[in-house]
Amino acid sequence: MKTTQRKGDIAVSQAISRFTKMGYDVALPLTESASYDLIVDSNEGLKRVQVRYSSVKEVALRRIHSNSKGYVVKKTKPNAYDWLYVYKSTGEEYLIKKCLVNRNAVRPTAEYLLG
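An account of the accompanying structure is given in this report. (Residues numbered from 1 in each chain as written. Predicted model: local features only at pLDDT ≥ 70, side-chain atom pairs only at ≥ 80, totals over all residues. Heavy atoms only, no water.)

A few words now on the environment of leucine 38. Structurally, leucine 38 is set in strand β2 (residues 38–42). By relative accessible area, leucine 38 is classed as buried at 0%. The spacing of leucine 38 and alanine 15 is 23 residues in sequence and 8.6 Å in space, taken between C-alpha atoms. Leave out the neighbours within four places in its chain, and leucine 38 touches Val12, Ala15, Ile16, Phe19, Val26, Ala27, Leu28, Pro29, Lys47, Arg48, Val49 and Val51. (Helix = DSSP H or I, 4+ residues; strand = E, 2+ residues; numbered from the N terminus. Buried < 20%, exposed > 50% of the residue type's maximum accessible area, 1.4 Å probe, protein only. Contact = heavy atoms within 4.5 Å.)

Each pocket or cavity is described by its volume, and for the largest pocket that value is around 1300 Å³. What lines the largest pocket is a set of 32 residues, among which Thr4, Gln5, Gly8, Asp37 and Arg52 lie closest to the centre. Within the residue set of the lining of the largest pocket, elements represented by two or more residues are α1 (3–21), β3 (45–54), β4 (59–60) and β5 (63–67). In terms of residue count, the dominant contributor to the lining of the largest pocket is α1 (seven residues). The space that makes up the second largest pocket amounts to roughly 210 Å³. Contributing to the lining of the second largest pocket are Ser35, Gln50, Arg52, Leu61, Arg63, Lys74, Lys75, Thr76, Lys77, Pro78, Ala80 and Tyr81. Looking at the lining of the second largest pocket, its residues break down into four nonpolar, three polar and five charged. (1 Å grid on protein atoms, 1.4 Å probe; cavity = no way out; pocket = protein on both sides within 12 Å on 5 of 7 lines; lining within 4 Å. Points joined across faces, edges and corners; volume = space filled by probe spheres on them. Nonpolar A, V, L, I, M, F, W, Y, C, P; charged D, E, K, R; others polar.)

Below, the discussion takes up the side chain of glutamine 50. Examined against the element boundaries, glutamine 50 turns out to sit in strand β3. Assessed through its relative accessible area of 7%, glutamine 50 is described here as buried. Among the polar contacts listed, one links the side chain of glutamine 50 to the backbone oxygen of serine 35, at a separation of 2.7 Å. For glutamine 50, the residues in contact, after removing those within four places along its chain, are Ser35, Tyr36, Asp37, Tyr81, Trp83, Leu84 and Tyr85. (Polar contact = N/O pair within 3.5 Å; in protein donor to acceptor, adjacent residues only side chain to side chain.)

Purely geometric stuff here, so don't read any function into it on its own.
As structure tokens, then:
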């Protein structure tokens, strides 16, 4: 398994743990083609959550895939997800309750830090 896949697995498992501790029910999409990684049943209704792992200050938001013609870079489309959960290698967790459209990266700030 690739290191990037393992990091993604770590972030998703941390997100499931965090949302469960917050008292929410968590569901996983059946397909990998969804633009979100989790569905959280929160007090505000069902939320589609994109999960990211990062070991640097900025968190990459674009998705890079390869096909027969080379690499394809995809930026986030409007309404692709509702919340962005970020797990840092330092153990910090951030929750940004909006979809960040057409951005390459984000630098999570203290206002989004989960305690």
